[in-house]
Amino acid sequence: MAWIRMIDSADAEGELLEVYQGMATRPMPSAYRPPHGGAAGIQRAHSLDASLMRLAFAATGTMHQGDALTWAERELIAAVAARTSQCLY
């Protein structure tokens, strides 16, 4: 099984800490909030490159703005796109 080194928000410093703090203020359904209260796994998986993490989640955050689609509809589109591109995540 693959393993990715991750930096948790509690251990973050500098730019990574700023990114985590910004992401913590973003709206997110409760189902995606980890019970431990830290950053979600998908966020931590990007933690080795704070600049890329900021860009990647800025893009997804932009796609989740507005109310034209519900969160569930957006997730369904993401799932279909992932399946179509054979993404296993």
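For the structure, check the block above.
In this text the structure is predicted, and so the values were computed from the model without any measurement. (Residues numbered from 1 in each chain as written. Predicted model: local features only at pLDDT ≥ 70, side-chain atom pairs only at ≥ 80, totals over all residues. Heavy atoms only, no water.)

Looking at this model, I keep getting lost on the overall build of the chain. Mind explaining?
When helices and strands are tallied, the chain shows 4 helices and 0 strands. When the backbone C-alpha atoms are referred to their principal axes, the chain occupies close to 35 × 35 × 25 Å. A buried classification covers 17% of the 89 residues belonging to the chain. Taking contacts inside the chain between residues at least 6 apart in sequence as the whole, the part at least 24 apart equals 55%. When the accessible area of the chain is evaluated, it comes to approximately 6700 Å², of which 62% is carbon and sulfur surface. When the 7 basic and 9 acidic side-chain charges of the chain are each reduced to a single mean position, those positions are 5 Å apart. (Helix = DSSP H or I, 4+ residues; strand = E, 2+ residues; numbered from the N terminus. Buried < 20%, exposed > 50% of the residue type's maximum accessible area, 1.4 Å probe, protein only. Contact = heavy atoms within 4.5 Å. Areas by Shrake-Rupley, 256 points an atom, 1.4 Å probe, with all protein chains shown as cover. Lys, Arg positive; Asp, Glu negative; His and termini not counted. Charge placed at Lys NZ, Arg CZ, Asp CG, Glu CD.)

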